Amino acid sequence: MDKELLISKIRNTTTRWKLLDLLNEIKADLAGTAAYPFTMSKMMRLCNPRIGLDRYHSFEIPKKSGGVRLIFAPEGNLKWMQLCLNEIFKALYTPSPYAMGFTQGRSIVSNAVRHLHQNYVFNIDLCDFFPSISQARVWKRLQLPPFNFTKDVASVVAGLCSIRMLDIVDGNVRLVSYKLPQGAPTSPLLTNAICDTLDRRLAGLARRFGLHYTRYADDITFSSMHNVYQDGSPFRHELERIVSGQHFKINAKKTRLNHRGERQEVTGLTVGEKVNVARRYVKDVRAILHIWERYGMNAAVAKFYPRYKTEKGSLHNGDPDMENVIAGKLCYLKMVKGQHDPVYVKLQEQFDRLTSAKPEAHDLEISWEYLQTLPTSDFEAQLGVKIDYGISNLGKQYASFVFNGKKIYASVSRNISISNLPKSLYISLCRQIDYKVKYTGEASQRHAVIDPGTPYGRMMLGCPLPEDLAVRYIYVVHRALPKDKPLKYVHTPQVAPELKDIVGKLNELMPGALTADGALLAGDRPKDTLTQLVESGFDLSILP
């Protein structure tokens, strides 16, 4: 939707009914006209943080400085409402010139550039930045320019953007409060809007003392040629007064002052004569590329994998793809140093050489076959089980049931929210294969070859699989399937011994659902080369 048209529609949004209409218009613009519209009852339920505690799923990520950061990710309709609200916020609001985070056209690089060629760089951090902002404060800010929402509209919007939290006072007493969640699409822009007064006053403080000032989210930086940052100085006293007056608190553990003789750092980048990444960053990329070029990709992976899993394993599920990680690091290096920087150019050319020299690989593609599909009610009745639903520590939905004393897990389709399950649900036993294949040869001597262009529906039965195909069988809970979904039986001898009894009993209860050898519950996914290499105790002594 055109920005000017959107703004004119926002100005006419004076009631919650008009807000609902506008949100549905924006959703149709983002997701297509076939998207389900929001309803008033759903919006009013979701805008009340006192109820609907299933609106978010939470998870923790480790902080570089130690401890964990609690993230709240919105679910289902609430997430879509917040995405639509964020379009409204972006159309109306432009952050102050001192706010470098969560703003189009600004980044950690533009933040760092403001503090080049300075003798002193002073950094402070605000404690619990997002949870420091209450729902009442958001409600009041939304009634002020440039938003100018009515009280009725501001009340609904503030409720949709807030979450119920518990405050711990004196380590014991817990109080319920309603605050901005870290992880919601709307929180970054709202924090910038809330901090307009903070930015204006800190910028005035900087002018008074002859300093440069920027803020990236909760990371505040001052710099200057002279030192006014000593404990107890007039500057520090006034700084603490302004910050506390805006209902924030300075994190004393993260307050630091660096002079020109030290490494001066702003939002992770070094500043001095130019903005740069830390030396270790370039050194790590250069080392992996050197090992890859001199000793081969397997040696590079063996060096890269353990360190990455130690440092980043808690942030990312599954095994990392070294090539993708290096490509991302080079993109970051290009953003910081520039595309013509000789260090970046040399590393990028080396990476391009190594990736172009790899043997031609077939495209990896996950193919699915729905082997049997039943309504969940029929499935539960036939097996005598109860399907339960939950959310993992990584924030992913799952289903499970206990059969013959063993807990079996199932995936849940992304277009389903377990907090609001549809009346009609189905469960399918599916076969997943990580390459498309075709079969050649006479019927008695068929063999499979990788062929990314072959539709998986043409895969023939009873043929041996290539060793490099990763195959697994899983249950999936989903909505009704389209009529043209292929439902077929697939034969494979890969059955985990410990599951043979379960497979046999399933076959008795659900005749025809399994092949003759009961192969529809295959063993674990074969370990990839990377995992085998690390677990085998690969000799790293050959590496420099």
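Refer to the structure printed above.
How each quantity is defined
Residues numbered from 1 in each chain as written. Predicted model: local features only at pLDDT ≥ 70, side-chain atom pairs only at ≥ 80, totals over all residues. Heavy atoms only, no water. Helix = DSSP H or I, 4+ residues; strand = E, 2+ residues; numbered from the N terminus. Buried < 20%, exposed > 50% of the residue type's maximum accessible area, 1.4 Å probe, protein only. Lys, Arg positive; Asp, Glu negative; His and termini not counted. Salt bridge = Lys/Arg side-chain N within 4 Å of Asp/Glu carboxyl O. Contact = heavy atoms within 4.5 Å. Pairing = 2+ DSSP bridges. Axes fitted to C-alpha atoms, helices over the stretch in contact; angles between N-to-C directions.

Caption draft 1: Quick look at the side chain of Arg137. Tracing the backbone shows Arg137 in helix α6 (residues 135-141). Of the buried charged residues, Arg137 lacks a salt bridge, with Asp199 as the closest side chain of opposite charge at 10 Å. Not counting residues up to four positions away in its chain, the partners in contact with Arg137 are Ser132, Ile194, Gln246, His247 and Phe248.

Caption draft 2: Quick peek at the sheet that holds strand β6 (residues 212-216). Spatial ordering of the open sheet is given by β6-β7-β3-β8, a layout of 4 strands whose pairing is antiparallel. Since the sheet does not close on itself, it has two edges, and those belong to β6 and β8 (256-259), each with one partner. Within the sheet, the average angular offset between the axes of one strand and its neighbour, ignoring direction, is 15°. Relative to β8, strand β3 (residues 120-125) is paired through 4 bridges, and the arrangement is antiparallel. Looking at the pairing, Val121 lines up with Asn258 of β8.

Caption draft 3: Fine view of unusual backbone geometry. The amide bond that connects Pro145 to the next residue, Pro146, takes the cis arrangement and shows omega of 5°. On the secondary structure map, Pro146 appears in the loop between α6 and α7 (151-160). In this model, His117 sits at a positive phi of 60°, which is unusual for a non-glycine residue. Along the chain, His117 turns up in the loop between α5 (108-113) and β3. For His117, a relative accessible area of 39% gives the class partly exposed.

Caption draft 4: Looking closely at the side chain of Gln246. Within the secondary structure layout, Gln246 lies in the loop between α10 (234-245) and β8. Under the relative-accessibility criterion, Gln246 is labelled buried at 9%. If we skip the residues at most four places from it in the chain, Gln246 touches Arg137, Thr197, Leu198 and Arg201.

Caption draft 5: Fine view of the environment of His290. Structurally, His290 is set in helix α11 (residues 279-295). The class for His290 is partly exposed, based on a relative accessible area of 33%. In this structure, the C-alpha to C-alpha distance between His290 and Leu347, residues 57 residues apart in sequence, is 9.8 Å.

Without other data, these values stay purely geometric and don't point to any function.
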